[in-house]
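Observations on the model geometry
Now for the letters of each chain:
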Amino acid sequence: MTVIEVRTEIEKVLKEVPEDILPQILEYLKQIQHQSPDQIKLDNNLKKILAEDKELFERLAQ
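Now for a description of the structure that goes with this document.

1. Details of the overall build of the protein
Within the protein, the regular secondary structure consists of 4 helices and 0 strands. Listing every helix and strand of the protein by position from the N terminus yields α-α-α-α. Rg of the C-alpha trace for the protein: 16 Å, well past the compact-globule value of 11 Å for 62 residues, more than 25% over. Overall size of the protein, expressed as C-alpha extent along the three principal axes, is 45 × 30 × 25 Å. Within the protein, the fraction of its 62 residues that count as buried is 2%. Accessible surface for the protein amounts to roughly 6100 Å². Of this, 58% is attributable to carbon and sulfur atoms. Across the protein, the centroid of the 9 positively charged side chains sits 3 Å from that of the 13 negatively charged ones.

2. Digging into a nonpolar patch on the surface
The grouping of M1, V6, I10, L14 and L22 at the surface amounts to a nonpolar patch, some 450 Å² of accessible area in total. Considering each element in turn, the nonpolar patch owes the most residues, 3 residues, to helix α1 (residues 3–16). Within the secondary structure, L22 is located in helix α2 (residues 22–33).

3. Looking at the environment of Q35
Tracing the backbone through its elements, the reader meets Q35 in the loop between α2 and α3 (37–52). On the basis of relative accessibility, which here comes to 28%, the residue Q35 falls in the partly exposed class. Among residues more than four places away in sequence, those in contact with Q35 are I40 and D43. Polar contacts involving the side chain of Q35 include one to the side chain of D43, which spans 3.4 Å.

Calculation notes
Residues numbered from 1 in each chain as written. Predicted model: local features only at pLDDT ≥ 70, side-chain atom pairs only at ≥ 80, totals over all residues. Heavy atoms only, no water. Helix = DSSP H or I, 4+ residues; strand = E, 2+ residues; numbered from the N terminus. Rg over C-alpha atoms; globule rule 2.2 N^0.38 Å. Buried < 20%, exposed > 50% of the residue type's maximum accessible area, 1.4 Å probe, protein only. Areas by Shrake-Rupley, 256 points an atom, 1.4 Å probe, with all protein chains shown as cover. Lys, Arg positive; Asp, Glu negative; His and termini not counted. Charge placed at Lys NZ, Arg CZ, Asp CG, Glu CD. Patch = residues over 30% accessible without salt bridge, like charges linked within 9 Å, V, L, I, M, F, W, Y side chains within 5 Å. Salt bridge = Lys/Arg side-chain N within 4 Å of Asp/Glu carboxyl O. Contact = heavy atoms within 4.5 Å. Polar contact = N/O pair within 3.5 Å; in protein donor to acceptor, adjacent residues only side chain to side chain.

Structure follows, in structure tokens:
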């Protein structure tokens, strides 16, 4: 996808998002706007690992 296509898709999705969620999305976008691409990639990888191992972490916590 080109940048223009991605932006268009984002706009389409945003039109369907409930209004009460929009401030949270805006805050998230502002946060990532100031991060380096490496930091964003690292954050995404960590979130992926945590999501994949959620059950394991829950068992360890018990």
